[in-house]
Amino acid sequence: MARLGDQTDGILRELLDVLRREARDSTDSGRVVQDLQIHQIELELQNRELREAQQALEESRDRYADLYDFAPVAYATVNRLGEIIQMNLTAAQLLGVERARGEGGFLGTRLSPGDGRAVLNSLERVLSTGEDESIEVSLGRAPANRRDLRLTIRRDNPRLTGAPPLSCRVILSDITDQLRSERALRDANRHKDEFLAMLGHELRNPLSPICHVAAVLALAPTPVQVAWAAELLGRQVKHLVRLVDDLLDVAQINRGTFALHRHCFDLREAVERAMEQALPLFEAHRQHLNSALPPVPVPVDGDPERLTQVIVNLLGNAAKFSAPNGTVFLSLDTANGAARLQVRDHGSGIDASLLPQVFAAFLQGEQSLDRPRGGLGLGLALVKGLVELHGGQVQAISPGLGAGSTFTVQLPLAQTVAAIPAPGPDRRIKPHVILVVDDDRDVATACATLLRRLDQQVETVHDGLAALEVVERLKPDLVLLDIGLPGMNGYEVARRLRTTETGRAARLVALTGYGQDEDRQRALAAGCDAFVCKPMDLTTLIGVLER
């Protein structure tokens with residue numbers, strides 16, 4: 001079409017040139033006729049240009065309308081009364097209304113109560129001052145469907161008439177997810193601060209008696225005081241170890257590096273061990289623990305130690321939130337191919353607002369300043385993490401505050417329970433020649449003292465180079481090797497020892513505060529035979545000596 005129009009224009013212009021030449025040579029009457037013909041052709045050319053300009057304008061308007069309607073940003077034009085003069089499809093979808101029905105209506109009717117007045121005030125200010133303004137409002141009348149919006153308002157200035165502005169252009173932005181993320185970050189920061197405060201409180205509690213015992217032992221204590229100090233130190237150190245272990249367990253579960261030692265066993269055994277461990281707590285609270293276990297094995301494929309920990313945490317949680325002389329009920333049964341364990345109490349219950357987050361780490365209900373229940377809020381987080389690592393589920397139910405709670409754990413059943421070998425007869429600890437390598441002199445001296453009480457021959461060194469020299473002289477059959485040594489670290493010491501005949505003959509045990517699974521793998525790759533996390537208690541130490 002365009003080429004045909006161009007050809008027509010060319011013919012008309014050639015004809016116009018011919019008529020103009022002939023008009024110069026014509027008579028007056030002929031010149032008038034020819035002038036009329038010339039004007040007619042000129043008008044035809046002008047009309048054609050006007051039609052082309054109009055067509056281009058319409059096409060441009062259509063493109064603008066498409067851009068306006070389908071833009072990813074919601075636009076609306078609103079007058080000073082808050083009535084929507086015009087809006088694009090994105091704005092109509094955001095407001096949840098058909099565009100034809102929404103235009104002409106009051107914007108405030110789509111917003112939460114009270115926000116309509118805020119919009120009118122903002123429109124009035126923008127129309128008066130000409131300065132852009134942003135306000136945040138809520139979309140939707142029902143709280144369950146409410147969305148958060150930011151309205152950016154700009155005055156719409158008439159360019160042709162010069163009349164005073166009567167409307168504003170409004171950009172509507174859905175900021176619900178942004179505000180939700182900001183609230184989550186604030187909550188996480190608040191939980192972090194609360195956790196640090198709890199951690200400081202929980203660490204100071206055992207450290208205080210430890211400091212007092214150290215002062216007593218420095219003042220020529222009596223044998224009775226020494227025995228008391230040993231019992232107190234052991235109890236407080238166990239508490240500290242439990243805190244640190246819980247923190248490391250949660251970190252490993254969250255990072256996906258937690259390792260389970262699974263095999264098929266009878267879940268009733270884990271329940272019985274857990275009740276035995278929890279019994280002192282119930283006795284201290286003058287509470288009762290009732291249990292109902294099935295008469296037949298409940299086979300599961302899992303880590304017995306960790307599932308025992310799950311049950312102990314649930315029992316401890318029930319005891320913590322139950323009144324003195326209260327009763328906690330524990331039951332175990334099977335249904336639909338799963339083992340089902342329930343711990344039920346009639347204690348303080350769980351507030352409905354807290355119930356959805358009851359398994360979150362560091363989350364605790366309100367406590368008084370003296371924190372009588374203590375803890376870091378990790379117990380139930382560990383329960384959830386460990387149960388899910390076993391392919392199971394855990395659920396908490398509570399009718400509300402003061403109405404008790406029920407925790408239900410479900411684990412997949414296994415086919416059979418593997419036979420467990422009977423324990424062998426007691427054995428005496430055979431003597432060893434041991435080298436303890438640790439840059440912390442207190443740690444090395446304390447470990448050596450304990451080993452000598454077990455009739456072991458021990459020497460201590462405090463860096464890697466000294467360890468390499470002493471090994472050649474001492475020829476130990478066991479080396480307890482700290483990983484975090486200054487200069488040459490424990491991994492390098494282990495590698496160098498394995499290049500010598502004396503080093504290859506010794507058993508290397510990595511004794512370290514680094515407890516991640518990758519630390520264990522690095523130690524074994526460097527040549528260590530075993531990996532033990534600090535602090536190493538007497539039972540673990542004897543186990544190392546007996547291997």
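Residues numbered from 1 in each chain as written. Predicted model: local features only at pLDDT ≥ 70, side-chain atom pairs only at ≥ 80, totals over all residues. Heavy atoms only, no water.

Colleague: Is there a simple way to explain the overall build of the protein chain in this structure?
Modeller: Along the backbone of the protein chain there are 16 helices and 17 strands. Buried residues in the protein chain amount to 39% of all 547 residues. When contacts within the protein chain are restricted to residue pairs at least 6 apart in sequence, long-range pairs at least 24 apart make up 62% of them. Accessible surface, the protein chain as shown: approximately 31900 Å² in total, 54% of it carbon and sulfur. (Helix = DSSP H or I, 4+ residues; strand = E, 2+ residues; numbered from the N terminus. Buried < 20%, exposed > 50% of the residue type's maximum accessible area, 1.4 Å probe, protein only. Contact = heavy atoms within 4.5 Å. Areas by Shrake-Rupley, 256 points an atom, 1.4 Å probe, with all protein chains shown as cover.)

Colleague: Help me understand unusual backbone geometry, please; the structure alone is not making it clear to me.
Modeller: Glycine aside, negative phi is the norm for most residues, and most peptide bonds take the trans geometry. Even without a glycine there, the phi angle at R286 is positive, about 55°. Checked against the element boundaries, R286 lands in the loop between α8 (267-284) and β7 (288-292). Phi at N325 takes a positive value of approximately 70°, unusual for a residue other than glycine. Within the element layout of this structure, N325 appears in the loop between α9 (304-320) and β9 (327-335). Judged by relative accessible area, which is 53%, N325 ranks as exposed.

Colleague: Is there a simple way to think about the confidence of the model for the protein chain in this case?
Modeller: Chain-level pLDDT for the protein chain is 80 on average; 82% of the residues reach the 70-or-more range. Across residues 366-374, confidence stays below pLDDT 50; counting only partners more than four residues off in sequence or on other chains, it has 15 contacts. Here residues 418-427 is modelled with pLDDT under 50, and outside its nearest four sequence neighbours on either side it reaches three contacts, counting other chains as well. (pLDDT = per-residue confidence, 0-100.)

Colleague: What is the right way to look at the side chain of T406 in this model?
Modeller: Examined against the element boundaries, T406 turns out to sit in strand β12 (residues 405-412). Not counting residues up to four positions away in its chain, the partners in contact with T406 are Q342, V343, R344, Q395, A396 and I397.

Colleague: How do you make sense of the sheet that holds strand β11 (residues 393-397) when you look at a structure like this?
Modeller: Adjacent strands of a sheet pair through backbone hydrogen bonds, lying either parallel or antiparallel. Strand order in this open sheet of five strands is β7-β9-β10-β12-β11, and the pairing throughout is mixed. Looking at strand neighbours, the two that pair on one side only are β7 and β11, the edges of this open sheet. Taking each pair of neighbouring strands and ignoring which way they run, the sheet shows an average axis angle of 15°. Two strands pair when backbone bridges link them, and β9 and strand β10 (residues 338-345) are joined in this way by eight bridges, in the antiparallel orientation. Within the sheet, the bridge partner assigned to S331 lies in β10 and is Q342. (Pairing = 2+ DSSP bridges. Axes fitted to C-alpha atoms, helices over the stretch in contact; angles between N-to-C directions.)

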